Each structure stands twice: as C-alpha cells, then as structure tokens.
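Coordinate analysis (summary)
Residue-level listing of the chains:
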Amino acid sequence: MIRKKILAGISILASFPLFAADYVPLVSNQQAEKEIKAFAQDMAKKHQFDQKQIFEKLSSMQPRQDIIERISKPAESMPWHRYRKIWMKDKRINDGVAFWQQHAETLAKAEAVYGVEQSIIVGIIGVETFYGRIQGTFPVIEALHTLGFYYPKRSKFFRSELEQYYLLANEQKWELDEINGSYAGAMGMGQFISSSYRHYGVDFNQDGKINLFSDPVDMIGSVANYFSRHKWRKGGFVVQPVVLQDNQKSLVQSQLALSHSLNKFESAGINLDQVKGKSDKVGIFPFELTDGSNEHWLAGDNFYVITRYNRSSMYALAVFQLSQAISEKKNALQKSEAQLLSE
C-alpha cells in the first residue's frame, strides 16, 4: 500500500524558537540534513512513503534544546533516596488504590489473560503518568526529530523510533503533529514508545482501535501484554532487601541483566529461600541512601522484566515499592470495611 495519506494536507512546520546564543549544537545542520535525506530515502524504499514530503518536513524543523537538556539529565541520574521520594507519596498511593478500585474488573481480566499481577500494572501506570494525568506536552515528531538527528549518543535508536512513529501514525490515522508525549517520544497513559505501541498495544475492549491515551482498558491490557511478552512470571520473585557481608559485596552488579545462578549465590552464603522455584537467575543492586552509603536488594527475573520497560534498576524498584504500597493500602481498606460490616 502506498503510505502517503498521513502527510496529505500537512503544511511545512513553522520554525521553532532558536537555541540560546551560547548553545553549541551537537550536530551541524549540514550533517543533520544529510542524515534526514538518507532517512527519507530509506522510508521510501522500505515503506513506500513519499521521500520528498518526509525530507521537506523534517529538514524544515529546528532541533529543540530543551529536549536535549532533559534527556541529558533524566530523573534516574539522581541518587536513590531522592528518586524514591518522587513516587512514594501518599497521594500517588491513594490515587493508585482509587484507580485499582475503579478498574477492578479490567485489571482482574488482564491478570487472568496475561498472568501479570494487578498491582504491577497499577504501579507502572502510576509511575509513568500518575494514572494518566501527566502524559507529556512535547509533540512526538519534534522529540524524535531532535533526538534522531541531533543527539548522536542515541541517534540510531531514536531514528528507528521515528520510523516506527511514521508507521504508527499511518496505521492509527493520526496527523503527525497532533500527538504529544514525553521529551523522549513516549506516549499515552503507560508511556509507550512508538515501537512498543505497535508491537504490544492491544485493543483490550475490542472496540476496533487501540487507544492508549484516554482508554484505560486498552492501556491496562497493553501494559499486561508488554510484561507477558517480556516473560513476566506470575507469582515469581521480584526483589527483596539483603544485608551483605564484606565477602559478599563482590556480587553487587551494575549491569541490568542478571547473570548469576542461584547456586553461586547460595555458595556465597546468600539466603535464597524466597527465590527458589520463582526465579532462574539473581542479582544484587546497590541503592544510595542519604548518608552516602548503599542499601542492597536481591533481584530476580521479574525485576529484570520491569527494567525492560525502563532500563533502570531505580525505576524497577520504585515501581515495585509503589505497587506494594498500593496493594497494602487497598487490602487495609478492604479489611477495615469488612470489619465495619461485621459489627
């Protein structure tokens, strides 16, 4: 199929505000234009898009300094004790309980279909967008243009996401400029990047479309599908605190992939009673406290799955802790209500 319709009627984008006078671009305009031309040629060859229209649109856009600044200093660059405070607030926990209660039937269905605990689904949406409230105000096309052509550190990844965004917009019948998201081009209540939207988004309410922006049913199903496809194990081990002896500290890792066997950790004296049968591999991660020391957490395969959503051990622990806090608060409220009814 000739995929030109998403560009029909879209005028050349007006220039965005120029950079501050002291800003030094990471990539020259000449180099960016060369790469945009190659991208447009590739889109025409691979997907039959109109090469000229893509080139004219992307080459007319100015990169955004604020996007470069944001991605250069993500929240995950702060120490754990500060990062944790962002998510573990009473309002986020209480609103998580309310979200769970409001969508109880859908969450139960998602758990039954995909084998992903309801608390983790709620925790993800709570961390990502405060249950849909904060979905981002950056036009996705601007974010992916800036990062794909003016941020060499990860340009290959974001150029691939720009390709996926063109395909997604065509499939969903969106205008390229109408969709907003994060500074990194993530969209909707669960902040799916374009490739994730295409590959893991599901029409969970079966209304004929996949709406991850304002349809919590589709979003809940899509988050569960994402975790299922990344091999989440229902009832599996996620993470727990561990106190290390000096001779065990060499087991602490920095990479996200878990490469240690249970046998190795048991041989080192780590208690794995809560892990056996619930995870094939384990790892230990450090998290910085206010005094500069580290607390350590023993992580399993399900913890690694959370990092597939956002490649950060701090993110994964924040999601888990928020999910646990929401679940505990919800269970306490249910117990209290049951006691009142029994009196």
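Higher on the page you've got the structure.
Note that the coordinates shown come from a computational prediction; the quantities given were computed from them, not determined experimentally.

Here's the deal with the sheet that holds strand 4 (residues 260-261)
- Across the sheet, 4 strands lie side by side as 3-6-5-4; this open sheet has antiparallel pairing. Both edges of this open sheet fall to strand 3 (239-242) and strand 4, since each of them pairs with a single strand only.
- Where strand 5 (residues 281-288) and strand 6 (residues 294-299) come together, 6 bridges link them in antiparallel fashion. Counterpart to Phe-285 in the pairing with strand 6 is Trp-297.

Some words on helix 7 (residues 118-129)
- Spanning 12 residues, helix 7 covers 17 Å between terminal C-alpha atoms, matching the ideal 16 Å at 1.5 Å per step.
- Among the 12 residues that make up helix 7, 12 are buried, leaving the element largely enclosed by the rest of the structure.
- Considered for burial, the residues of helix 7 that qualify are Gln-118, Ser-119, Ile-120, Ile-121, Val-122, Gly-123, Ile-124, Ile-125, Gly-126, Val-127, Glu-128 and Thr-129.
- Of the surrounding elements, those touching the buried residues of helix 7 are helix 4 (80-87), helix 5 (90-102), helix 6 (104-114), helix 11 (216-229), helix 13 (301-309) and helix 14 (313-342).
- Positive phi shows up at Phe-130, right after helix 7, with a value of about 55°.

Notes on the pattern of salt bridges
- Counted under the stated rule, the structure contains 14 salt bridges.
- Where Arg-64 meets Glu-142, a salt bridge forms, and the shortest distance between an N and an O atom there is 2.6 Å. Of the two residues, Arg-64 sits in the loop between helix 2 (51-59) and helix 3 (65-72) while Glu-142 sits in helix 8 (residues 140-150), which places them 78 residues apart along the sequence.
- In this structure, the salt-bridge partner of Asp-95 is Lys-91, at a minimum N-O distance of 3.1 Å. Of this pair, Asp-95 and Lys-91 both sit in helix 5, 4 residues apart, which is roughly one turn of the helix.
- A residue is classified by how much of its surface remains accessible, and Asp-95, at 15% relative accessible area, is buried.
- Given the relative accessible area of 52%, Lys-91 is considered exposed.

About the thresholds
- Residues numbered from 1 in each chain as written.
- Predicted model: local features only at pLDDT ≥ 70, side-chain atom pairs only at ≥ 80, totals over all residues.
- Heavy atoms only, no water.
- Pairing = 2+ DSSP bridges.
- Helix = DSSP H or I, 4+ residues; strand = E, 2+ residues; numbered from the N terminus.
- Expected span 1.5 Å × (residues − 1).
- Buried < 20%, exposed > 50% of the residue type's maximum accessible area, 1.4 Å probe, protein only.
- Contact = heavy atoms within 4.5 Å.
- Salt bridge = Lys/Arg side-chain N within 4 Å of Asp/Glu carboxyl O.

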